Structure formats: C-alpha cells, structure tokens
Amino acid sequence: MQSQTTNNTIIALDVGERRVGVALVDMRARLPHPLTTLERGETMMAQLQDIIREHRVGKVVVGLPRGLDGQHTAQTHAVEAFAVELEHATSLPLYWQDEAVTSRQAEEELKGRGKPYKKGDIDALSATYILEDFVRDHPEVHQ
C-alpha cells in the first residue's frame, strides 16, 4: 500500500442495486466531483480497483443507506456486504457516511439544470454529495 502522506485522494461510493456512483476529491484542492458510474457485475470490482490505482486513492467513503427512522434495511445490509468485499479487494481504509436524501438531492439538481441526464448521473452526483458531507463532517480524517 502507498504511503498515506502521498495519497491525498478520497473516493466516495453510492452503492446501489444496479450501479455504483463514484466521486473523487483531491484533498489539496478540496473540490469533490462526480467521476463515473459503474454497472454492478463481474468486472465492477476490477474497474473500481483500476480507478483507485489510476487516481492514487488513499481512502474510501461508502454511503450508508438507512430507513427513514435510521434503522438498518435490506439495502443497508447489502451495502455492508459490498464494503467487506471492497476492503478485501483494496486494503484501503474505509469510512461510512450517512447518505440520507443524497439521491433525491442529486435528481433535483439535475432536473433544475434543464438538460437531459441518465440514472447513472444521479448516482455519481449522489456520491459527490456523500463525499462533500464526509469532508465537512470528518476533518480529522483528512488533515
């Protein structure tokens, strides 16, 4: 694994049943942005590993879905299982960030732009919101 001091990039994932939205931030610039959306399937973890290597990612943030009252749901458990697989595949530090309403917020923003968009655009923008929240809420992790 690369030295923590040289890996200023954090990646955030909005893990869904069909797709994974990916956002990225270089902590020197502190400007999270959508990167891509990956289709879930046999090659998705390898694609994610390629992104991590290419961008020299040092930490991974995964959006944690919960029910309206904060309870664990079937999707929460599915995302937790995905995170275990991800940890084994990358050996990077993994952090959780509440993803409450990020997909709805992303869809509203994209609608407001008045341009066509795809479901994958919502996922990548949602990952960006997850990453923005993480950077704001956890300054100790990325000093």
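See the structure shown above.
Keep in mind that what you see is a predicted model, and the values were worked out from it rather than measured. Per chain, residues are indexed from 1 in the order of the written sequence. Reporting in this predicted model follows two pLDDT cut-offs: at least 70 for local features of residues, and 80 or more for side-chain atom pairs to be given and counted; totals over whole chains, interfaces and linings ignore these cut-offs and use all residues. As a convention, hydrogens and water are excluded, and side-chain values are obtained from all of the structure's heavy atoms.

Peer 1: An account of the overall build of the protein is needed here, citing residue identities and associated values.
Peer 2: In terms of regular secondary structure, the protein is built from 4 helices and 5 strands. A run of H or I in DSSP becomes a helix once it reaches four residues, and a run of E becomes a strand once it reaches two; helices and strands are each numbered from the N terminus. Reading the protein from its N terminus to its C terminus gives the helix and strand order β-β-β-α-β-α-β-α-α. Radius of gyration here uses only the C-alpha atoms, and the compact-globule reference equals 2.2 Å multiplied by the residue count raised to the power 0.38. The C-alpha atoms of the protein give 14 Å as radius of gyration, which agrees with the globular expectation for 143 residues (15 Å, within 12%). Overall, the C-alpha framework of the protein stretches about 40 × 30 × 30 Å when taken along its three principal axes. Within the protein, the proportion of its 143 residues that are buried is 43%. In the protein, of all internal contacts separated by at least 6 residues, the share reaching a separation of at least 24 is 61%. Using a 1.4 Å probe, the Shrake-Rupley method yields the accessible areas, and only the shown protein chains count as cover for residues. If you sum the accessible surface of the protein, you get close to 8,100 Å²; carbon and sulfur atoms cover 49% of it. Asp and Glu count as negative and Lys and Arg as positive, but His and the ends of the chain are not part of the count. Lys charges are placed at NZ, Arg charges at CZ, Asp charges at CG and Glu charges at CD. Positive and negative side-chain charges in the protein, numbering 16 and 22 respectively, have mean positions lying 4 Å apart. Note on classification: 1.4 Å probe, protein chains only; a residue is buried when its accessible area is under 20% of the maximum for its type, exposed when over 50%, partly exposed between these limits. Here, residues are in contact when the closest pair of their heavy atoms is within 4.5 Å.

Peer 1: Give me helix α2 (residues 74-90): which residues, what numbers.
Peer 2: What sets the pattern is the α-helix's 3.6 residues per turn: residues three or four places apart point alike. Expected helix span is computed as 1.5 Å times (number of residues minus one). Here α2 spans 24 Å end to end across 17 residues, near enough to the 24 Å set by a 1.5 Å rise per residue. For α2, every residue scored as buried is listed here: Thr-76, Val-79, Phe-82, Ala-83, Leu-86 and Thr-90. Take α2 and look down its axis: the buried residues cluster within an arc of 120°, on one side only. Turned more than 90 degrees from where α2 packs its buried face, Ala-74 and His-88 sit exposed. Contact partners of the buried residues in α2: β1 (9-15), β2 (19-26), α1 (44-54), β4 (57-64) and β5 (94-98). At the N-terminal boundary of α2, the capping side chain belongs to Thr-73, with an oxygen 3.3 Å from the backbone nitrogen of Gln-75. The arc under discussion is defined with respect to the helix axis, by the directions toward the C-beta atoms. Polar contact is defined as a pair of N or O atoms within 3.5 Å, subject to the rule that within protein one atom must be able to donate a hydrogen and the other to accept it, and that residues adjacent in sequence are counted only when both atoms are side-chain atoms.

Peer 1: Please give an account of unusual backbone geometry that cites residues and values.
Peer 2: Even without being a glycine, Arg-30 presents a positive backbone phi close to 60°. Here Arg-30 falls in the partly exposed class, since its relative accessible area comes to 42%. Even without being a glycine, Arg-56 presents a positive backbone phi close to 50°. Topologically, Arg-56 is positioned in the loop between α1 and β4. With relative accessibility at 37%, the residue Arg-56 sits in the partly exposed group.

Peer 1: Describe the pairing of β4, naming the residues involved and giving the relevant values.
Peer 2: Counting buried positions along β4 gives 8 out of 8 residues, so the element sits mostly inside the fold. Where β1 lies against β4, 5 bridges are found, and the strand directions are parallel. Counted as the bridge partner of Leu-13 is Val-62 from β4. Here β4 runs beside β5; their pairing, made up of 5 bridges, is parallel. A pair of strands is treated as paired once DSSP finds two or more bridges between them.

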